[in-house]
Amino acid sequence: MRWSRLVRTAYLLTGDHHEAEDLVQTTLAKVYLAWPRISRLDEPDAYVHRALANNNISRFRRRRVVQLLTPRLPERSRPETTARVEARASLAAALATLPPRMRAVVVLRYWEDLSEQQVADVLGCSTGNVKSQASRGLRKLRDHPALAAGESGER
């Protein structure tokens, strides 16, 4: 499997590197048990992405304790690095405000660059649902204060 790609996707789904690694590890452990069957599928990667998204939604439902994450800035920072970190942090904060399923659609569609049909297959829904969730998700992201502030500052 492509560990780093799965961890990047999981990070966008969870908003935390440690939870992302845990999510990928849990998903791969579950997939491993059924690998003889999964490996015969036309697109085993799509199955793994679907399992990742579903495990994240299940994890989100089971969460009882809210964690407050505080990023640590490096002691020495360069302006271009700081701007990239801030942009990613703003995007992660905006993604965190989306409901888990909508976040999964946005991440799979626009970060992983899957087609609407592939996202629908991964999440087990219709392409119409993917289109509407993506549209609503992008609208919410555009309206998010952290991203709106970043846009106006760049112009």
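That block above? That's the structure.
Residues numbered from 1 in each chain as written. Predicted model: local features only at pLDDT ≥ 70, side-chain atom pairs only at ≥ 80, totals over all residues. Heavy atoms only, no water.

1. Regarding the overall build of the protein chain
- The secondary structure content of the protein chain amounts to 9 helices and 0 strands.
- Across the protein chain, helices and strands are ordered from the amino to the carboxyl terminus as α-α-α-α-α-α-α-α-α.
- Among the 155 residues that make up the protein chain, the fraction classed as buried is 32%.
- A separation of at least 24 residues holds for 61% of the contacts in the protein chain among residues at least 6 apart in sequence.
- Entry remark: accessible area of the protein chain is about 10400 Å², with carbon and sulfur atoms responsible for 52%. (Helix = DSSP H or I, 4+ residues; strand = E, 2+ residues; numbered from the N terminus. Buried < 20%, exposed > 50% of the residue type's maximum accessible area, 1.4 Å probe, protein only. Contact = heavy atoms within 4.5 Å. Areas by Shrake-Rupley, 256 points an atom, 1.4 Å probe, with all protein chains shown as cover.)

2. Points about the pattern of salt bridges
- Under the definition given, this model contains 2 salt bridges.
- Across the pair Asp45 and Arg2 runs a salt bridge whose closest N-O atoms are separated by 2.5 Å. Linking Asp45 in helix H4 (residues 44-62) with Arg2 in the segment before helix H1 (3-14), this pair joins segments that are 43 residues apart in sequence.
- With a relative accessible area of 30%, Asp45 lands in the partly exposed category.
- Its relative accessible area of 47% is what places Arg2 among the partly exposed residues. (Salt bridge = Lys/Arg side-chain N within 4 Å of Asp/Glu carboxyl O.)

3. Topic: a positive patch on the surface
- A surface patch of positive charge is lined by Arg136, Arg139, Lys140 and Arg142.
- Positionally, Arg136 belongs in helix H8 (residues 127-143).
- Using a relative accessible area of 41% as the deciding quantity, one classes Arg136 as partly exposed. (Patch = residues over 30% accessible without salt bridge, like charges linked within 9 Å, V, L, I, M, F, W, Y side chains within 5 Å. Lys, Arg positive; Asp, Glu negative; His and termini not counted. Charge placed at Lys NZ, Arg CZ, Asp CG, Glu CD.)

4. Quick look at the packing of helix H6 (residues 100-111) against helix H7 (residues 116-123)
- Interaxial distance between H6 and H7 falls to 10 Å at its minimum, and their mutual angle equals 140°. Judged by the angle between their axes, H6 and H7 are oblique. Remark: the crossing between H6 and H7 carries right-handed chirality. Together, Arg101, Ala104, Val105, Leu108 and Arg109 of H6 and Glu116, Val119, Val122 and Leu123 of H7 make up the contact between the two elements.
- Looking at side-chain class alone, the contact of H6 with H7 contains 6 nonpolar, no polar and 3 charged residues. (Axes fitted to C-alpha atoms, helices over the stretch in contact; angles between N-to-C directions. Parallel < 35°, antiparallel > 145°, perpendicular 65-115°, else oblique. Left-handed = near helix turned anticlockwise from the far one by under 90°. Nonpolar A, V, L, I, M, F, W, Y, C, P; charged D, E, K, R; others polar.)

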